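Structural description and commentary
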Amino acid sequence: MTISVTMIRLVHDAYVGDNQLIAYFDLRLEGVADIKGCALVKTRDRGLSVWSPPCERRANEPERGIKFIGSLRKAVLQVAKQAYDDFVAHRAANTREVSAVVALVREIEQRDAA
């Protein structure tokens, strides 16, 4: 089964208890399910974990939910961490490119002002 992250959104300064939310992501289990609203979490002992999305529950309805366990949990964590690392690296590269463009524009402006 192919597992992929289809969307990732970074979270800043968000905590649930002692756990820090790092990112929300949507997950595709190819041919099985699309799961929206998962979370990549830094645990209180500085490890990483993934949380499945909360399920809506109405009064007088049985509890429902999804829980990642075993090898699926490990695979989802690996894919989510890689997507996070790739996103952060891409964002940093874009920041460097923008900074280089800004520096070039300033240099041109200073030259033209002289």
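These numbers were taken from a predicted model, which means no experiment stands behind them.

1. A short note on the overall build of the protein
Looking only at helices and strands, the protein has one helix and four strands in total. Along the protein, helices (α) and strands (β) appear in the sequence β-β-β-β-α when read from the amino end. Considering the protein as a whole, with its 114 residues, one finds that 25% of them fall into the buried category. For the protein, contacts bridging at least 24 residues in sequence account for 40% of all contacts bridging at least 6.

2. Section: the confidence of the model for the protein
Within the protein, residue pLDDT values average 86, and 89% of them lie at 70 or more. Put simply, helix H1 (residues 70–113) is where the protein has its lowest mean pLDDT, 80, and strand S2 (residues 19–29) is where it has its highest, 95.

3. Some remarks on unusual backbone geometry
Excluding glycine, a negative phi dihedral is what most residues carry, and trans is how most peptide bonds are arranged. The residue Arg46 is not glycine, and still its phi comes out positive at about 70°. Tracing the sequence through the fold places Arg46 in the loop between strand S3 (33–42) and strand S4 (48–51). Assessed through its relative accessible area of 61%, Arg46 is described here as exposed. The backbone of Asn60 sits at a positive phi, close to 65°, despite the residue not being glycine. For Asn60, the position within the fold is in the loop between S4 and H1.

Conventions we followed
- Position numbers for residues start from 1 in each chain and track the written sequence from start to end.
- The predicted nature of this model means local features are confined to residues of pLDDT at least 70 and side-chain atom pairs, given and counted, to a pLDDT of 80 or more, with totals for whole chains, interfaces and linings taken over all residues.
- Calculation of side-chain values draws on the structure's entire complement of heavy atoms; hydrogens and water are dropped beforehand.
- Here a strand is any run of E in DSSP of at least two residues, a helix any run of H or I of at least four, and the numbering for each starts at the N terminus.
- Any residue under 20% of the maximum accessible area for its type is buried, any over 50% is exposed, and the rest in between are partly exposed; the area is computed with a 1.4 Å probe on protein chains only.
- Between two residues, a contact is recorded if the distance between any of their heavy atoms is within 4.5 Å.
- One number per residue, pLDDT, summarises how confident the predictor is, and it ranges from 0 to 100.

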